[in-house]
Amino acid sequence: MITFKDVQIHFGDFHAIKNLNLNIREGEFFTFLGPSGCGKTTILRSLVGFINPASGQILLNDRDITQVPIEKREISMVFQSYALFPTLNVYENIAFGMRVKKFSKAEVDAQVKEIARKVDLSEEQLVKKVSELSGGQQQRVAIARALVLKPSILALDEPLSNLDAKLRVQLRNELKDLQKKFGITTVYVTHDQEEALTLSDRIAVFNKGIVEQVGTPREIYNESKTEFVCNFIGDINLIQPAIIQNSPLKDFIDPAKKSYIRNEKISLTPIVQGKNAVQLKGEIVDQEFYGIYTKYSVEIAGGGILKTVETEKGHDQYQTGDEIDIYMHAGDILQY
Ligand SMILES: Nc1ncnc2c1ncn2[C@@H]1O[C@H](COP(=O)(O)OP(=O)(O)OP(=O)(O)O)[C@@H](O)[C@H]1O
Ligand SMILES: [Mg+2]
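This structure is a prediction, so every number in the text was calculated from the model and none was measured. (Residues numbered from 1 in each chain as written. Chains lettered and ligands numbered in written order. Predicted model: local features only at pLDDT ≥ 70, side-chain atom pairs only at ≥ 80, totals over all residues. Heavy atoms only, no water.)

Engineer: Would you mind going over the sheet that holds strand E17 (residues 334-335) with me for this structure?
Structural biologist: The 3 strands are arranged E11-E12-E17 in an open sheet whose pairing can be described as antiparallel. Each having just a single partner strand, strand E11 (236-238) and E17 make up the two edges of the open sheet. Where strand E12 (residues 259-262) meets E17, 2 bridges bridge the pair, whose relative direction is antiparallel. Within E17, the residue paired with Ser259 across the bridge is Gln335. (Pairing = 2+ DSSP bridges. Helix = DSSP H or I, 4+ residues; strand = E, 2+ residues; numbered from the N terminus.)

Engineer: Which parts of the structure should I look at to understand the domain arrangement of the protein chain?
Structural biologist: For interface size, the figure often reported is the accessible area lost on association. Domain annotation of the protein chain identifies domain 1 (2-232) and domain 2 (236-335). Between domain 1 and domain 2, the residue contacts involve 7 residues of the former and 7 residues of the latter. Taken together, the two surfaces of domain 1 and domain 2 that pack against each other cover about 630 Å², and 41% of this comes from carbon and sulfur. On the domain 1 side of the interface with domain 2, the three residues burying the most area are Tyr221, Glu227 and Cys230, jointly 69% of the side's total. Of all the elements in the fold, those that place two or more residues in the side of domain 1 that touches domain 2 are helix H9 (217-222) and helix H10 (227-232). If you tally residues by element for the side of domain 1 that touches domain 2, the top one is H10, at 3 residues. (Domains from an automatic or database assignment. Contact = heavy atoms within 4.5 Å. Buried area = accessible area lost by both parts, 1.4 Å probe.)

Engineer: Help me out: how do you make sense of the UniProt feature "domain: ABC transporter" (unreviewed entry) in the protein chain in this one?
Structural biologist: Per the UniProt entry, the sites bearing "domain: ABC transporter" (unreviewed entry) are residues 2-233 in this numbering. Across residues 2-233, helical content stands at 40% and strand content at 26%; the span's end C-alpha atoms are separated by 25 Å. (UniProt positions renumbered as here; feature names shortened; annotations may be inferred.)

Engineer: Help me out: how do you make sense of the packing of aromatic side chains in this one?
Structural biologist: One pass over the structure, following the stated rule, counts 9 aromatic pairs. Taken together, a centroid distance of 5.8 Å and an interplanar angle of 75° make the contact between Phe30 and Phe32 edge-to-face. Each member of the pair, Phe30 as well as Phe32, is classed as buried. Ring centres 4.6 Å apart and planes at 45° place the aromatic pair Phe85 and Phe96 in the tilted group. Of the two residues, Phe85 sits in the loop between strand E6 (75-78) and helix H3 (90-100) while Phe96 sits in helix H3, which places them 11 residues apart along the sequence. Classification of Phe85 by relative accessible area gives partly exposed; the value is 29%. What makes Phe96 partly exposed here is its relative accessible area of 37%. (Phe/Tyr/Trp six-rings, centres within 6.5 Å; stacked < 30°, edge-to-face > 60°. Buried < 20%, exposed > 50% of the residue type's maximum accessible area, 1.4 Å probe, protein only.)

Engineer: Any chance you could explain the pattern of salt bridges here in plain terms?
Structural biologist: In a structure, side chains of opposite charge can pair up when their charged atoms sit close to one another. This structure, assessed with the given rule, holds 13 salt bridges. Two residues, Lys180 and Asp201, come together in a salt bridge whose shortest N-O distance is 3.5 Å. On the criterion of sequence distance, the pair formed by Lys180 in helix H7 (residues 165-182) and Asp201 in the loop between helix H8 (193-199) and strand E9 (202-207) is long-range, its members being 21 residues apart. Each of the salt bridges in this network shares a partner with another, and the network as a whole consists of Arg25, Glu28 and Arg202. (Salt bridge = Lys/Arg side-chain N within 4 Å of Asp/Glu carboxyl O.)

Engineer: Would you mind going over the sheet that holds E6 with me for this structure?
Structural biologist: Each strand in a sheet pairs with its neighbour through backbone hydrogen bonds, running either in the same direction (parallel) or in the opposite one (antiparallel). The strand order E6-E7-E8-E3-E9-E10 describes an open sheet built from 6 strands, whose pairing is mixed. Two strands close off the open sheet at either side, each with one partner strand: E6 and strand E10 (210-215). Across the sheet, the axes of successive neighbouring strands diverge by a mean angle of 15°, strand direction being ignored. Inspection of the sheet shows strand E3 (residues 29-33) paired to strand E8 (residues 185-190) by 5 bridges, in the parallel sense. (Axes fitted to C-alpha atoms, helices over the stretch in contact; angles between N-to-C directions.)

Engineer: Got a minute to help me understand the pairing of E10 in this structure?
Structural biologist: Side chains on a regular strand alternate between the two faces of the sheet. Examined bridge by bridge, E9 and E10 share 5 bridges and lie antiparallel to one another. Among the inter-strand pairings, Phe206 is bridged to a residue of E10, identified as Val211. Counting the residues between successive antiparallel strands, the hairpin from E9 to E10 contains 2 residues, one of them, Lys208, with a positive phi of roughly 50°.

Engineer: Explanation requested: the environment of Thr198 in the structure shown.
Structural biologist: For Thr198, the location among the structural elements is in helix H8. Owing to a relative accessible area of 45%, Thr198 belongs among the partly exposed residues under this scheme. For the pair Thr198 and Val169, spaced 29 residues apart in the sequence, the C-alpha separation amounts to 9.8 Å. Engagement of the side chain of Thr198 in a polar contact is seen with the backbone oxygen of Glu195, the distance being 3.2 Å. (Polar contact = N/O pair within 3.5 Å; in protein donor to acceptor, adjacent residues only side chain to side chain.)

Engineer: Just to check I follow, could you spell out the side chain of Lys295 for this structure?
Structural biologist: On the secondary structure map, Lys295 appears in strand E14 (residues 293-300). Within polar-contact distance, the side chain of Lys295 engages the side chain of Asp235 at 2.7 Å. Once residues within four sequence positions are removed from consideration, Lys295 is found in contact with Asp235, Asn263, Asp286, Gln287, Glu288, Tyr290, Lys307, Thr308 and Val309.

Shown next as structure tokens:
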């Protein structure tokens, strides 16, 4: 288990990590999610040992490792910038850690080739210099290099950011499989909410050096604790006061608070009626086609816009200008 206890990290006067308290369980896929500059890389670097906290402790299975040097922590890291050896070929980059640990030639060869296959690097690519590879290929070399030693803890800093959408999903699944198979405790950094939701057992959402919420993907998404989390984790409607004033919604929620509802929780087709089901009249004023779904902007009678998504059924369902009813459950509204 990894524990951060009152960890503060400073760069001069700037307090990059304010006061971090966190437990990461053994075998867990744990993700730090947050916008650029919130401190994700900084925390990962402190776990691996590149940065010393100004105060606080980092514990590994109750052992204080705050002052333990990098090489004694036995945590493999994939850096945001890869940090590969440019003059060595791909094979030697992946083999590096095994050579340092004096594995036999045959063991190195078998492991390097197996891991290369897993991350989709071909035999021809293994003899190329790293500088001759594309960004995405270099990213895969970096992942292979970290995995080849079968570490008990793997720290990954945006390891899929340079890949095309298809390869990203493929490698994401591969990572998850390897992680589960070997039981590697994985600490993953991303600013991509979809990646965080699909991969993680638990997520910590960061904002300006502070953890806003720790929870499972479903908790983070459906029960966002703060306004920042609810906005960061997915598309959401801020329900304008006019909509609340002119509708039965005001009977169900606190009108003094800010109210949000996720796009997909609003439906253009009737929903199961419960005692907090609400129906509003509106007109479709805009639409964006995303392939598997379309996002409709609905102007509500009496003022205010709400966005909703409808999955594509293979034929045109709604046109801009259509007068429609929208349906929602007041219980799905998040208030802050
Ligand atoms: N070595 C450093 N010296 C001074 N400030 C730093 C240093 N490293 C990071 N910072 C600052 O600390 C904050 C957090 O940086 P960090 O790299 O951890 O962000 P991040 O969440 O990883 O962002 P990104 O998603 O862009 O990679 C930023 O404001 C950054 O400018
Ligand atoms: Mg970073």
